[in-house]
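Chain and residue survey
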Amino acid sequence: MKIKSLGLEQKHNKNISFKAREYAVIKTTINGITTNLKAYEIGFEDTRFLDLMASKLNLLSLYGNKKIVTPKQNHDWLASINNAIMMAGFNEPQHSFLLTKDKRPCGIMSYKNLKKCYLDYIVTWPFAKGSTVKLAGKSMIKMMYEDCIESNTSVIMLDLLDKMSQKLKTFYKSLDFIENKGPDSMGCDMYISRHNFMRKSRELDAFINVEKVKNSKQINLKEVLDIDFNK
């Protein structure tokens, strides 16, 4: 996603005492197989660890022979991850999350949520060499939908990093986002209204269950997560 302002100036707060918190336990079910995922809410004090994590990620290596990845795709993908990490360093209304499987990161998402929500970045990757996580992207979108439902958000908007990418458009359309083809009144490439993301969130309940962690504690991600993706 491209970085866009919703009208508020955001500033880095270098004095915040914040570490990651366990945000939600997510269970996905596809073809009768249940997968357990965990999402952490991340902030400024996590960015050094996240930068280290990003330095160990390489699509060409992670996918191996399972998927052909061009150097440009790898560069753009890493740039999106690094930009998502940068966004995690901002205060509210920015919300940033790291998705994990078996204590290994497999996705990152950052969005700003006011009366309107803007999805800045959502990126996924294999949690180990050759091991992808099905429904990782949709699980993070489901988390965002639920947050926007609770906060009475009116619309969720996004811009496509690659406007020519049919794969990206298909992914968001499967989540009921609509292309903004008319006059540029929404100021974005795609959007979904409150009525539609409430309905879609209920549909996703059939195979994605998000359970928020109550009374979660601050955690040092470096102590609980494994970022050796070549194991």
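Residues numbered from 1 in each chain as written. Predicted model: local features only at pLDDT ≥ 70, side-chain atom pairs only at ≥ 80, totals over all residues. Heavy atoms only, no water.

**Observations regarding the packing of aromatic side chains**
- In the structure shown here, the tally under the stated rule is 7 aromatic pairs.
- Seen from their ring centres, Tyr145 and Phe197 are 5.9 Å apart, and the 20° between their planes marks the pair as stacked. With Tyr145 in helix H4 (residues 136-150) and Phe197 in helix H6 (residues 194-204), this pair connects stretches of sequence that are 52 residues apart. Accessibility classification places Tyr145 together with Phe197 in one group, the buried group.
- Through a chain of ring-to-ring contacts, three or more aromatic side chains come together here, namely Tyr145, Phe171, Tyr172, Phe177 and Phe197. (Phe/Tyr/Trp six-rings, centres within 6.5 Å; stacked < 30°, edge-to-face > 60°. Helix = DSSP H or I, 4+ residues; strand = E, 2+ residues; numbered from the N terminus. Buried < 20%, exposed > 50% of the residue type's maximum accessible area, 1.4 Å probe, protein only.)

**Looking at the pattern of salt bridges**
- By the definition in use, this model includes 13 salt bridges.
- Note that Glu179 is salt-bridged to Lys173, the shortest N-O span being 3.0 Å.
- Among the residues examined, Lys173 registers a relative accessible area of 39% and is labelled partly exposed.
- Each of Asp176, Arg199, Lys200 and Glu203 takes part in one network of salt bridges that share partners. (Salt bridge = Lys/Arg side-chain N within 4 Å of Asp/Glu carboxyl O.)

**Considerations on the side chain of Thr28**
- Counting through the fold element by element, Thr28 comes out in strand E1 (residues 20-30).
- Beyond its immediate stretch of four places on either side in the chain, Thr28 contacts Ile33, Thr34, Thr35, Leu37, Lys134, Leu135, Ser139, Phe207 and Ile208. (Contact = heavy atoms within 4.5 Å.)

**Describing the pairing of strand E2 (residues 33-41)**
- Where E1 meets E2, 9 bridges bridge the pair, whose relative direction is antiparallel. The residue of E2 that forms the bridge with Ala24 is Ala39.
- Relative to strand E3 (residues 94-101), E2 runs antiparallel, the two sharing 4 bridges. Of the residues in E3, the one forming a bridge with Lys38 is Thr100. (Pairing = 2+ DSSP bridges.)

**Considering H4**
- Helix length check: H4 (15 residues) gives 22 Å between terminal C-alpha atoms against 21 Å at 1.5 Å per residue, within 8%.
- Counting buried residues along H4, 12 of its 15 residues qualify, which places the element largely inside the surrounding structure.
- Along H4, the positions that sit buried rather than exposed are Ala136, Gly137, Ser139, Met140, Ile141, Lys142, Met143, Met144, Tyr145, Glu146, Asp147 and Cys148. (Expected span 1.5 Å × (residues − 1).)

**Looking at the nonpolar core**
- In this structure, Met144, Tyr145 and Phe177 are the most contacted members of the largest nonpolar core, which totals 36 residues.
- Among the elements that line this core, the one with the most residues is H4, at 7 residues.
- If we ignore the near neighbours within four places in the chain, the residues touching Phe177 are Met144, Tyr145, Ile156, Leu158, Tyr172, Met190, Tyr191 and Ile192.
- Of all hydrophobic cores here, the second largest spans 29 residues; its members include Ala54, Leu78, Met87 and Val123. (Core = buried A, V, L, I, M, F, W, Y, C linked by side-chain atoms within 4.5 Å.)

**Examining the packing of helix H1 (residues 47-55) against helix H3 (residues 71-88)**
- Contact geometry of H1 with H3 gives a least axis separation of 10 Å together with a crossing angle of 175°. What the angle tells us is that H1 and H3 run roughly antiparallel. The segment H1 lies against H3, with Thr47, Leu50, Asp51, Met53 and Ala54 engaging Leu78, Ile81, Asn82 and Ile85. (Axes fitted to C-alpha atoms, helices over the stretch in contact; angles between N-to-C directions. Parallel < 35°, antiparallel > 145°, perpendicular 65-115°, else oblique.)

**Points about the confidence of the model for the chain**
- Confidence along the chain averages 88 in pLDDT terms, with 90% of residues attaining 70 or more.
- Within the model, pLDDT remains below 50 along residues 1-18, and this stretch shows 53 contacts once partners closer than five positions in the same chain are excluded. (pLDDT = per-residue confidence, 0-100.)

**Notes on unusual backbone geometry**
- The omega torsion of the bond from Glu92 to Pro93 falls at 20°, within 30 degrees of zero and hence cis.
- By secondary structure assignment, the location of Pro93 is in the loop between H3 and E3.
- The backbone of Asp102 sits at a positive phi, close to 50°, despite the residue not being glycine.
- Given a relative accessible area of 52%, Asp102 falls into the exposed group.
- One non-glycine residue, Asp176, lies in the positive phi region at around 75°.
- Residue position: Asp176 is located in the loop between helix H5 (166-174) and strand E7 (178-179).

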